[in-house]
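# Examining the three-dimensional arrangement
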Amino acid sequence: MRIEWLVAFYLFVSVAMILFNFVFLAYEKARAKRFVTKTKRLASDLSEEIERNADFPTEAHKRILERKLRKLSGMESFDLTMQRLQELDAEKSDRYLRGIATVFHRLTYYFAKKPDLKKAYFAYILKRWYRLRPASDTVTQTLLRFVREGSFYVRQNSLEALASVADACAFAEGLRSLGARVEFGSEQVKGAFDLCIASPGIPQFSAFYESAAAASTEIVSEVEFAWRESAADSRWVAVTGTNGKTTACALAAHVLAGAGLAAAAVGNIGDPCIEAVAAGRTDVYVAEVSSYQLASTALFAPDVAVILNVTPDHLSWHQGFEAYAAAKLRVLANLPAVPGSVAVLDATDDVVRRTVRALRAQTPAERGFSYVPVGTAAGLAGDMRAACGSDNAAFLGEDGTLRVACGGREHDLVRACDLQIKGEHNVANALCAASAALALGVDARTVSHALAGFAPLEHRLEPCGCVAGVRCVNDSKATNVDATLKALAAFDDVRPVVLLGGRDKGTDLAPLVQAARCHAKAVVCFGEA
């Protein structure tokens, strides 16, 4: 009898716990939904008030905000509201954040005496939303105190905040307080080190780089360091090329995320690779990697390597085109170490096509990885299977459909005219991103849907509205001749008025002059801005 009562009691408690969890989860879901709705409304109200009132934020508003930010719930609401406002209008967001800087100054005194949880969250808010850079002495000194005296998470968030808002000296002081050795004003690296992580801004052939290499057992880039530190089951897509990296990288991450993968675009496009790895929220890293970063790789071996194009750029840094091209091609060097790895190569580019020929001459065993050539010397409509007997190919079909043949199957994807990103170069970017996603196991229907839903990025043939009936397009990221040629070709039969300026990188401008004559109605040259 006692056992029966115990069993009944156990069943009752189990059912009660299940019901409690169900009710609690339903409550939390409803609460989260209300919270999202609230922050959207707050962001919309802020946007309207900023537009209506030139003196906003007022002192009264700042006092109310200061009271709300003293609570964890208030900081959370502020964080999400600012995200919404930034999505609505980045310019208004920046104006508002500059206007409330004094609120953060006053709050530093308040949080200096609060528990570590509140300090850590406040440092996080400062890192994300403090806009007066370099930070005021009040904010800087408070963050330094947090670094010296706080718990692990307080120190971590405060050091990251110093890196974001303070000057180099204040950040260095924060590092020193944690036991790091920081030196300024010298390019001689003294001592002996196991590992050196080189900044991409330091040329490989400079005395500074050579001194660091001599003092270190190994010298690598931040990309390689992050790759080494990432989880063993994580996957990497490395995207490189002279032009198109950011679009192809963002597009590949968009497609992978659309397939339900925890994918993030990292590297030159957004968060540093090591920050994304440390956050631990990503399973597939889509890294935009430059020639600077690839020049300092040793073991870096992504699951998929994408090379878009290789044309003259950054020649002074690399001391010549051959070294520049060799750095780009290093992304393929360690692919044989990754089972099932794939290289996606834009074969419409001369340098990349030579690499395709070299790979084709090897046996699969010698090569150690698969490759998908995109287009041929004849253009994106060329199928490399027919051109040279390649096993795989990505190309633009006669009917305008993007097609990728890999792993013994041919996939019909979206039509080029249905892409929101325009121009032949963006068709190539879409084919490369699609090939990478298919290589990682994403189904063709998901790839097609995601390609069609991808909107143009900022500063890359970005529609900017009309002024007096004139359509304006921002392509300010076209910082070399090849990128500008592709942008001009994207206008088809329309002859735009083109504004050209910038710094001479020592490349031949004759092709640009010829293209401007063929495609542009007029050219306005304004020199270095």
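This structure is a prediction, so every number in the text was calculated from the model and none was measured.

### A word on the packing of helix α6 (residues 116–129) against helix α8 (residues 152–165)
Taken N-terminus to C-terminus, the directions of α6 and α8 make an angle of 20 degrees; their axes are 8 Å apart at the nearest point. What the angle tells us is that α6 and α8 run roughly parallel. Where α6 crosses over α8, the two elements pack in a sense that is left-handed. Of the residues in α8, those in contact with Asp116, Lys119, Ala120, Ala123, Tyr124, Leu126 and Lys127 of α6 are Tyr153, Val154, Asn157, Ser158, Glu160, Ala161, Ser164 and Val165. Within the contact of α6 with α8, the residues separate by chemical class into eight nonpolar, three polar and four charged.

### Regarding the environment of Val356
Positionally, Val356 belongs in helix α17 (residues 350–360). Judged by its relative accessible area of 2%, Val356 is buried. The spatial distance from the C-alpha of Val356 to the C-alpha of Glu173 is 50 Å, given a sequence separation of 183 residues. Leave out the neighbours within four places in its chain, and Val356 touches Leu345, Ala347, Tyr371, Pro373 and Met384.

### Some thoughts on the pairing of strand β2 (residues 216–221)
The sheet contact formed by strand β1 (residues 193–198) and β2 spans five bridges and is parallel. What sits directly across from Cys196, in β2, is Ile219. The parallel pair β1 and β2, bridged by helix α10 (residues 207–215), forms a crossover whose chirality is right-handed.

### Here's the deal with a positive patch on the surface
Taken together, the side chains of Lys38, Arg41, Arg63, Arg67, Lys68 and Lys71 present a region of like positive charge at the surface. Residue assignment for the positive patch shows that the elements contributing at least two residues are α1 (2–52) and α2 (59–68). Take the positive patch: its biggest share by element is three residues, from α2. Position of Arg63 relative to the elements: it lies in helix α2. Residue class for Arg63 comes out partly exposed when judged on its relative accessible area of 46%.

### Notes on the packing of aromatic side chains
Following the criterion strictly, the structure yields eleven aromatic pairs and no others. Where Phe104 meets Tyr130, the ring centres are 6.0 Å apart and the plane angle is 65 degrees; that geometry is what we call edge-to-face. One end of the pair, Phe104, is in helix α5 (residues 101–111); the other, Tyr130, is in the loop between α6 and α7 (137–149), and 26 residues separate them in sequence. Per residue, the accessibility class of Phe104 equals that of Tyr130, and both read buried. Seen in terms of ring centroids, Tyr121 and Tyr124 are 5.8 Å apart; in terms of plane orientation they differ by 55 degrees. Their pairing is tilted. Residue Tyr121 and its partner Tyr124 are both found in helix α6; the two are separated by three residues, about one turn of the helix. Residue Tyr124 is classed as partly exposed on the basis of its relative accessible area, which comes to 25%. Taken together, the ring pairs in this structure connect Trp227, Trp236, Tyr285 and Phe300 into an aromatic cluster. Over the ring of Tyr110 we find Arg70, and its NZ or CZ is 4.5 Å from the ring centre.

### Topic: the packing of α7 against α8
The interhelical angle for the contact between α7 and α8, taken along N-to-C directions, is 150 degrees, at an axis separation of 8 Å. Between α7 and α8, the angle falls in the class roughly antiparallel. The two elements α7 and α8 cross, and the hand of that crossing is left-handed. Touching Thr140, Leu143, Leu144, Phe146 and Val147 of α7 are Val154, Arg155, Ser158, Leu159, Ala161, Leu162 and Val165, all from α8. When the residues that make up the contact of α7 with α8 are grouped by side-chain class, the tally is nine nonpolar, two polar and one charged.

Here is what the cut-offs are and how they apply
- Residues numbered from 1 in each chain as written.
- Predicted model: local features only at pLDDT ≥ 70, side-chain atom pairs only at ≥ 80, totals over all residues.
- Heavy atoms only, no water.
- Axes fitted to C-alpha atoms, helices over the stretch in contact; angles between N-to-C directions.
- Helix = DSSP H or I, 4+ residues; strand = E, 2+ residues; numbered from the N terminus.
- Parallel < 35°, antiparallel > 145°, perpendicular 65-115°, else oblique.
- Left-handed = near helix turned anticlockwise from the far one by under 90°.
- Contact = heavy atoms within 4.5 Å.
- Nonpolar A, V, L, I, M, F, W, Y, C, P; charged D, E, K, R; others polar.
- Buried < 20%, exposed > 50% of the residue type's maximum accessible area, 1.4 Å probe, protein only.
- Pairing = 2+ DSSP bridges.
- Right-handed = clockwise from strand over helix to strand, strands pointing away.
- Patch = residues over 30% accessible without salt bridge, like charges linked within 9 Å, V, L, I, M, F, W, Y side chains within 5 Å.
- Areas by Shrake-Rupley, 256 points an atom, 1.4 Å probe, with all protein chains shown as cover.
- Salt bridge = Lys/Arg side-chain N within 4 Å of Asp/Glu carboxyl O.
- Lys, Arg positive; Asp, Glu negative; His and termini not counted.
- Charge placed at Lys NZ, Arg CZ, Asp CG, Glu CD.
- Phe/Tyr/Trp six-rings, centres within 6.5 Å; stacked < 30°, edge-to-face > 60°.
- Lys NZ or Arg CZ within 6 Å of the ring centre and 35° of its normal.

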